[in-house]
Amino acid sequence: MQEIYFIVNYGLGSKLLKKAKKLGMRGGTILRAHGTIENSLLHLFALDDQRKEIVMMAGPSTLCREVMQKLAQVFHFEKPNHGIAFSLPLFKVCGVSCYPDQEYPKESEQSAMYQSILTIVNRGKAEDVITAANHAGAKGGTIVHGRGAGIHETSKLFAMDIEPEKEVVLILAKADQAKDIIQAIRTELEIDKPGNGIILVQEVLETYGIYE
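### A closer look at helix 4 (residues 126–135)
Right, so step 1: Within helix 4 the residues assigned to the buried category are Ala126, Val129, Ile130, Ala132, Ala133 and Asn134.
Right, so step 2: After helix 4 finishes, the residue Gly137 shows a positive phi value of roughly 115 degrees.

Right, here's the structure in full:
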């Protein structure tokens, strides 16, 4: 099983999800967000300070790989600023009727090139996360606001309550840079103090639309 994420320009989320369903996906969640990146680094993630939508889905690994590949072609992720896609390993699914409540084995022992760094902080602190991460070598990220951005779906997806005054920052980083980026966020935002935030890190299996 895998989770697949698509980050696209505002208004394309529903179209992408509709095509994904035609390809066999059972459904997904769309969150409103905005990308944030310095102009000199636009070529890596093709994200600027514009409104974005994040489409999140889960399903069998083979189907997810096929869907990612086909949607990357349909939405021209090979072109800058058309979006990015990446997949994460999924070890357990709960509360989804079409998939049994069970754990899934790790798919590969191969080291991943990228890691997903998900930081949940108090409202107003997301830009501080981006700044700290950029100073440590990150090339930008995507910010999801709790209020008016699919908060109920977010809570279900990550199996935790993300209150309306929280912000979620999603950063993709090269595996060899992730440690420094995580430490920079942890130090700058004082994550180890109760109530200041949470950092979740996962290996990325596959990516589309990332430019270097």
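### Some remarks on the environment of Lys139
Right, so step 1: Mapped onto the elements of the fold, Lys139 is located in the loop between helix 4 and strand 8 (141–145).
Right, so step 2: Residues Lys139 and Lys174 lie 35 residues apart in sequence; the distance between their C-alpha atoms is 9.8 Å.

### A word on the pairing of strand 4 (residues 84–89)
Right, so step 1: With six of six residues buried, strand 4 is to be regarded as a mostly interior element.
Right, so step 2: Side chains of strand 4 alternate between two faces, with Ile84, Phe86 and Leu88 and Ala85, Ser87 and Pro89 buried alike.

### Here we look at the confidence of the model for the chain
Right, so step 1: Put simply, the chain has an average pLDDT of 78, and 74% of its residues get 70 or more.
Right, so step 2: Here helix 2 (residues 42–45) is the element of the chain with the lowest mean pLDDT, 42, and helix 3 (residues 61–74) is the one with the highest, 94.
Right, so step 3: Throughout residues 38–48 the model reports pLDDT below 50, and contacts reaching past four residues in sequence, or to other chains, amount to 31 contacts.
Right, so step 4: Scored below 50 in pLDDT, residues 147–160 shows 24 contacts in the model against residues more than four places distant or in partner chains.

### Focus on the packing of aromatic side chains
Between two aromatic rings, the relevant description is the distance of the centres plus the angle of the planes.
Right, so step 1: Tallying each qualifying case throughout the model produces two aromatic pairs.
Right, so step 2: Ring plane angle 5 degrees and centroid distance 5.1 Å describe the contact between Tyr5 and Phe86, whose orientation is recorded as stacked. Placement of Tyr5 in strand 1 (residues 2–9) and of Phe86 in strand 4 is noted, with a sequence separation of 81 residues between them.
Right, so step 3: For Phe86, a relative accessible area of 0% gives the class buried.
Right, so step 4: Ring geometry for Phe6 versus Phe77: centroids 6.3 Å apart, planes at 55 degrees, classification tilted. Of this pair, Phe6 sits in strand 1 while Phe77 sits in the loop between helix 3 and strand 4, and the two are 71 residues apart along the sequence.

### Comments concerning helix 6 (residues 175–188)
One turn of an α-helix holds 3.6 residues; hence residues three or four places apart share an orientation.
Right, so step 1: Here helix 6 contains 14 residues, and its C-alpha end-to-end distance of 21 Å stays within 8% of the 20 Å for a straight helix at 1.5 Å per residue.
Right, so step 2: Here the buried face of helix 6 lies against strand 7 (114–122), helix 4, strand 9 (166–174) and strand 10 (197–204).
Right, so step 3: Two residues or fewer after helix 6 comes Glu190, characterised by a positive phi angle close to 50 degrees.

Cut-offs applied
Residues numbered from 1 in each chain as written. Predicted model: local features only at pLDDT ≥ 70, side-chain atom pairs only at ≥ 80, totals over all residues. Heavy atoms only, no water. Buried < 20%, exposed > 50% of the residue type's maximum accessible area, 1.4 Å probe, protein only. Helix = DSSP H or I, 4+ residues; strand = E, 2+ residues; numbered from the N terminus. pLDDT = per-residue confidence, 0-100. Contact = heavy atoms within 4.5 Å. Phe/Tyr/Trp six-rings, centres within 6.5 Å; stacked < 30°, edge-to-face > 60°. Expected span 1.5 Å × (residues − 1).

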